[in-house]
Amino acid sequence: MTRRDFLASSAPAVALTLAGSTGATAQPGGAARQLYELRRYRIRVGHMRDTTRAYLKDALLPALGRLGLGPIGMFDVTTGEPPTAVVLIPHPSADSAVTVGRRLAADAAYVKAAEPFYNAPADRPAFDRVESSLLVAFEGMPQLQAPDTTKPRIFELRRYEGPSEAASLKKIEMFDTGGELAIFRKVGFRPVFFGQALYGVRLPQFEYMLTYASMAERETQWTAFRNDPDWKVLSQKEEYRDAAIMSGATSTYLAPQPWSQL
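By convention here, each chain's residues receive numbers from 1 onward along its written sequence. pLDDT decides what is reported in this predicted model: residues at 70 or higher carry local features, side-chain atom pairs at 80 or more are listed and counted, and totals for whole chains, interfaces and linings draw on all residues regardless. Note that the side-chain values use all heavy atoms of the structure and ignore hydrogens as well as water.

**Q** Would you mind showing me how to read the overall build of the chain here?
**A** Along the chain, the regular secondary structure elements total nine helices and eight strands. Sorting the 262 residues of the chain into buried and exposed places 45% on the buried side. Residue-level accessible areas treat just the shown protein chains as cover; the underlying method is Shrake-Rupley with a 1.4 Å probe. Surface exposure of the chain reaches about 12600 Å², of which carbon and sulfur atoms provide 55%. What counts as a helix is a DSSP run of H or I of at least four residues, what counts as a strand is a run of E of at least two, and both are numbered from the N terminus. Accessible area is worked out with a 1.4 Å probe on protein chains only. A residue is then buried under 20% of its type maximum, exposed over 50%, and partly exposed in between.

Written out as structure tokens, the structure reads:
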């Protein structure tokens, strides 16, 4: 069996596994829950940055557009992680997430544009390592919400790691139906997505993204959140006691690439 035949035969089974693991990607009477592929291209030296950025801009972004995917987020890490290019790809279904690699490989224009990246010599690699995770959107925010791209913006990518599956799910419930997401919006936060990791590293975990006009605005909004009376009540509820001991959020600050669609 060839690699192409294997991918073709295995994709439907994997898609069913993904759909089953999330219960359902469509909510009754509501929008379908998206899946988010979050890629981190780790970069150690300058030539890696140049090769990877050219690949993202000239090969990957146009090809994902031809597949009908978007908006695509492409960022540089400014603080919180080693030098990294971060890519956020929203998918409408598990099948889309599973088959994106095969569909890209069938795109002749993509293959040609990606050649310097994929065939980088061993003494000048394009990256140190690529880390990828797949997340399913929270029920309370089933679709990515793109910010106003006409204004200056910074992004904060926050990751929560749970001490147990139960604690992680309880913290997600705290956002979804407990009221935390509503408090976020009340104090002025502009969330881009919330997603529970299905596959990746350091499970169980979830990640979400916020955007601000400036770091000063960030500080103002987080101060308002910490002082909000509804948050003070919610955070003291006994049912969320285990959720409160989730590992503190790890924040990474991102600057959008000039060609990013977010």
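**Q** Would you mind showing me how to read the pattern of salt bridges here?
**A** Salt-bridge detection follows one rule: a side-chain nitrogen of Lys or Arg within 4 Å of a carboxyl oxygen of Asp or Glu. A full pass over the atoms with the stated rule returns 23 salt bridges. Close ionic contact of Arg49 with Asp50 constitutes a salt bridge, the shortest N to O distance being 3.2 Å. By relative accessible area, Arg49 is classed as partly exposed at 41%. Connected via shared salt-bridge partners are Arg40, Arg42, Glu81, Glu131, Arg159, Glu161, Arg202 and Glu207.

**Q** Would you mind going over the packing of aromatic side chains with me for this structure?
**A** For any pair of aromatic rings, the description consists of the separation of the ring centres together with the inter-plane angle of the planes. Think of it this way: a Phe, Tyr or Trp ring, Trp meaning its six-membered ring, pairs with another when their centres are within 6.5 Å, and the plane angle makes it stacked under 30 degrees, edge-to-face over 60, tilted otherwise. A full pass over the atoms with the stated rule returns 30 aromatic pairs. With a centroid separation of 6.0 Å and an interplanar angle of 90 degrees, the aromatic rings of Tyr55 and Tyr118 are classed as edge-to-face. A residue pair is termed long-range when its members are at least 10 positions apart, and Tyr55 in helix 2 (residues 46-66) and Tyr118 in helix 5 (residues 115-118) qualify at 63 residues. Residue Tyr55 is classed as buried on the basis of its relative accessible area of 3%. For the pair Phe184 and Tyr208, a centre-to-centre distance of 5.8 Å together with 65 degrees between the ring planes defines the contact as edge-to-face.

**Q** I would appreciate a short explanation of the nonpolar core in the present structure.
**A** It is characteristic of soluble globular proteins that their nonpolar side chains tend to be buried jointly. Among buried residues, the Ala, Val, Leu, Ile, Met, Phe, Trp, Tyr and Cys ones that are joined through side-chain atoms within 4.5 Å form a nonpolar core. Residues Tyr55 and Leu60 are the most contacted members of the largest nonpolar core, which totals 23 residues. Elements that contribute at least two residues to this core include exactly helix 2, strand 3 (84-91) and helix 3 (94-105). Among the elements that line this core, the one with the most residues is helix 2, at eight residues. Here, residues are in contact when the closest pair of their heavy atoms is within 4.5 Å. In this structure, Leu60 is in contact with Arg39, Tyr41, Tyr55, Met74, Val87, Leu104 and Tyr110, ignoring residues within four places of it in sequence.

**Q** It is not clear to me how the environment of Pro163 should be interpreted in this structure. Could you clarify?
**A** If you trace the backbone, Pro163 turns up in the loop between strand 5 (154-161) and helix 6 (165-176). Between the alpha carbons of Pro163 and Leu203 there is a distance of 9.2 Å; along the sequence they are 40 residues apart.

**Q** Help me understand helix 6, please; the structure alone is not making it clear to me.
**A** Since the α-helix turns once every 3.6 residues, residues separated by three or four places project in the same direction. Along its twelve residues, helix 6 runs 16 Å from first to last C-alpha, staying within 8% of the 16 Å computed at 1.5 Å per residue. Among all positions of helix 6, only Ala167, Ser168, Lys171, Ile172, Met174 and Phe175 are buried. Down the axis of helix 6, the smallest arc covering the buried residues is 150 degrees, so these residues share one side. Multiplying one less than the number of residues by 1.5 Å gives the expected span of a helix. Regarding the arc, it is the one traced by the directions from the helix axis to the C-beta atoms.

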